[in-house]
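Residue-level listing of the chains:
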Amino acid sequence: MIELAKPELGRVKVQVVGIGNAGGTIVKRVARERLAGVEVAAINTALKDLGNVAEIRQLQIGTELTRGHGAGMDPKVGRKAALEDANRIRDFIGSNELVFLVAGMGKGTGTGATPVVGELAREQGALVIAFVTTPFDHEKRCHHDIAEEGLKEIQGKVDVYVPLPNQRLYSLPSLVTYEQACAFMDEVILQAIRAIVDVLLRGGRMSLDLADLRTLFKGAGLAAFSTGYGKGEGRVAGVIRGLSEYPFAQGGQFERARNVLVSISGGPDLGLKEVDELSTAIGNLHAGEPQTATGIYQDESLQGELRAMVLAAGVVPAEEPQDEYELFAGREAAARTGATPYRPAGWAGRTGRPAPEREAAPVDEDNIEVPAYLRKPRNGVAKG
Ligand SMILES: Nc1nc2c(ncn2[C@@H]2O[C@H](COP(=O)(O)OP(=O)(O)OP(=O)(O)O)[C@@H](O)[C@H]2O)c(=O)[nH]1
Ligand SMILES: [Mg+2]
């Protein structure tokens, strides 16, 4: 038996903090998952919204400034509210070492407070990864402008930030209701957090530790996320296809990433060749040789299944501006009728190396990952 010098050391403390209304609502979904070793919490100016996430730990900020009514779509107010309560935010984050921030960019609290919370958490030594949504096309131009400014502001205040355009939800034909679309985004963020936490906290033959993540992601900046799933025969092809067609992944960004985290999860039957094929296909997505850490997580319950997640950070800005993340392409589209469906583009297109062989093996449509609530609609209600 190992005698631990200090048992509390070495156990990573992870916190997921939703900021603003969207942030709180999304992390409520994460809380329901009860990820072991992960604390889920919410920060908001609006008392009413905190009431909607009463089951999770929470902190009301800017009470003097906003009187509990929210930041009124003004990020300056969100920022001030966070600064007003900087000490309380520090206490709230405490000694957590890995902090995920989740917020919707486009209004006051999430946009204004998230960079401040990120900075405070980093000052306390945490590695900070932020998932931030950007507005739907149907939202007014001012929200897109606010979000754009918010993304500039968050740069350098957190270690890694992953912008997730809400508008991409329109590209998924299976999403019919607004609630289903929002629930899908909840699921996207949950999956990303779960994949990172699994390789970090649950361990396995090739697990990663916080030091690996720090080396990889400290100050890495802009990141893109993708995930894929396959089952049974042809599951590797299923995963690769899922990764490359993931609606929130931007091909060009993967090519330009400098720091890449790969997480592979499978059952006890996870094949040696499968790990190799998958790693090679993922490696082909990147131009050059990014620093890469791969975690492999095995779970009895994943027998016959395979899942992979790629978080590619340190994305170098594109040379041609049009190739930059199409976060705000929606602004122009919004002026026209309806939404422009998103088509994943540029996947390994400019590396000069062959793209992953998506059709290498027959892909069973049924095996492509679909969130559980879409597979089994519960009386048409997606969330609840
Ligand atoms: N995916 C998703 N996006 C949302 C949701 N609610 C809001 N958003 C997006 O998040 C942006 C910010 O909205 P909120 O989170 O409600 O705003 P807030 O941060 O609370 O700011 P204030 O209300 O001004 O204090 C919006 O412009 C939307 O694009 C949600 O439930 N899911
Ligand atoms: Mg609000």
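Residues numbered from 1 in each chain as written. Chains lettered and ligands numbered in written order. Predicted model: local features only at pLDDT ≥ 70, side-chain atom pairs only at ≥ 80, totals over all residues.

## Describing the overall build of the protein
- Helix and strand counts for the protein stand at 14 helices and 10 strands.
- A buried classification covers 50% of the 384 residues belonging to the protein.
- Excluding contacts between residues fewer than 6 apart, the proportion of contacts in the protein whose partners are at least 24 apart in sequence is 78%. (Helix = DSSP H or I, 4+ residues; strand = E, 2+ residues; numbered from the N terminus. Buried ≥ 20, exposed ≤ 12 C-beta atoms within 10 Å, placed from the backbone. Contact = placed C-beta atoms within 7 Å.)

## Regarding the pairing of strand E9 (residues 291-298)
- As paired strands, strand E8 (residues 259-266) and E9 are joined by 8 bridges and run parallel to one another. Its bridge partner lying in E9, Leu261 is registered against Ala293.
- The parallel pair E8 and E9 is bridged by helix H12 (residues 272-283), and the resulting crossover is right-handed. (Pairing = 2+ DSSP bridges. Right-handed = clockwise from strand over helix to strand, strands pointing away.)

## Quick look at helix H5 (residues 86-93)
- Every buried residue belonging to H5 is among Ile89, Phe92 and Ile93, and all of these are buried. Buried residues of H5, seen end-on, are gathered within an arc of 90° and therefore sit on one face of the element. Exposed and facing more than 90 degrees away from the buried side of H5 are Asn87 and Asp91.
- In this structure, the buried side of H5 is in contact with strand E1 (14-19), strand E2 (38-44), strand E3 (57-60), helix H4 (75-84), strand E4 (98-104) and helix H6 (109-123).
- After H5 finishes, the residue Gly94 shows a positive phi value of roughly 55°. (Arc of directions from axis to C-beta.)

## Comments concerning the site of ligand 1
- Every one of the 25 residues lining ligand 1 counts as a neighbour, but Gly20, Gly104, Gly106, Gly108 and Gly110 are closest to it.
- Looking at the shell around ligand 1 element by element, the count peaks at 4 residues for helix H1 (residues 20-32). (Near = placed C-beta within 6 Å.)

## Regarding unusual backbone geometry
- Of note, the phi angle at Arg34 is positive, near 45°, even though the residue is not glycine.
- Tracing the sequence through the fold places Arg34 in the loop between H1 and E2.
- Judged by the 8 C-beta atoms lying within 10 Å of it, Arg34 is exposed.
- Backbone geometry places Arg67, a non-glycine residue, at a positive phi of 55°.
- The residue Arg67 is located in the loop between helix H3 (63-66) and H4 in this model.
- With 10 C-beta atoms counted inside 10 Å, the residue Arg67 sits in the exposed group.

## Here's the deal with the sheet that holds strand E5 (residues 127-134)
- The strand order E3-E2-E1-E4-E5-E6-E7-E10-E8-E9 describes an open sheet built from 10 strands, whose pairing is mixed. Both edges of this open sheet fall to E3 and E9, since each of them pairs with a single strand only. Direction aside, the axes of adjacent strands within the sheet are offset by 20° on average.
- Contacts from H6 reach E1, E2, E4 and E5 within the one sheet, and its direction differs from that of E4 by about 170°.
- This element, H12, spans E8, E9 and strand E10 (305-313) of the sheet and lies at about 150° to E8. (Axes fitted to C-alpha atoms, helices over the stretch in contact; angles between N-to-C directions.)

## Concerning the environment of Gly72
- Inspection of the secondary structure puts Gly72 in the loop between H3 and H4.
- The sequence separation of Gly72 and Lys107 amounts to 35 residues, and the corresponding C-alpha distance is 7.5 Å.
- Leaving out residues up to four positions away in the same chain, Gly72 has contacts with Val77 and Gly108.

## Focus on the environment of Phe217
- Relative to the helices and strands, Phe217 resides in helix H9 (residues 210-217).
- Using a count of 25 C-beta atoms within 10 Å as the deciding quantity, one classes Phe217 as buried.
- In the structure, Phe217 is positioned 58 residues away from Asp159 in sequence and 6.3 Å away in space, judged by C-alpha atoms.
- Those residues in contact with Phe217 that sit more than four places away from it in its chain are Leu127, Ile129, Asp159, Val160, Asn259 and Ala313.

## Focus on the nonpolar core
- By size, the foremost hydrophobic cluster in this structure holds 105 residues, and its most contacted members are Leu101, Val117, Ala130, Ala192, Ala223, Leu311 and Ala312.
- For this core, the element with the highest residue contribution is helix H8 (residues 178-202), accounting for 14 residues.
- Leave out the neighbours within four places in its chain, and Val117 touches Val17, Ile19, Ile43, Ala82, Ile89 and Leu101. (Core = buried A, V, L, I, M, F, W, Y, C linked by C-beta atoms within 7 Å.)

## Some details on the packing of H1 against H6
- Close contact between H1 and H6 brings their axes to 7 Å; oriented N to C, the two are set at 75°. Judged by the inter-axis angle, H1 sits roughly perpendicular to H6. Across from Gly20, Ala22 and Gly23 in H1, the residues of H6 making contact are Thr109, Gly110 and Ala113.
- For the contact of H1 with H6, a count of residues per class yields 2 nonpolar, 4 polar and no charged. (Parallel < 35°, antiparallel > 145°, perpendicular 65-115°, else oblique. Nonpolar A, V, L, I, M, F, W, Y, C, P; charged D, E, K, R; others polar.)

## Side note on the packing of H5 against H6
- The N-to-C vectors of H5 and H6 enclose an angle of 60°; their axes lie 10 Å apart at closest approach. If you check the angle between H5 and H6, you find them oblique. In terms of crossing hand, the pair formed by H5 and H6 is right-handed. Residues Ala86, Ile89, Arg90 and Ile93 of H5 lie in contact with H6, whose contacting residues are Val117, Leu120 and Ala121.
- A breakdown of the residues in the contact of H5 with H6 according to their chemical character gives 6 nonpolar, no polar and 1 charged. (Left-handed = near helix turned anticlockwise from the far one by under 90°.)

## Looking at the pairing of E10
- Of all 9 residues in E10, 9 are buried, a share of seventy percent or more.
- Of the two faces of E10, the one lined by Glu305, Arg307, Met309, Leu311 and Ala313 and the one lined by Leu306, Ala308, Val310 and Ala312 are each fully buried.
- Where strand E7 (residues 221-231) lies against E10, 9 bridges are found, and the strand directions are antiparallel. Residue pairing for E10: Ser226 is matched across the bridge by Val310.

By themselves, these are just geometric observations and shouldn't be taken as functional.
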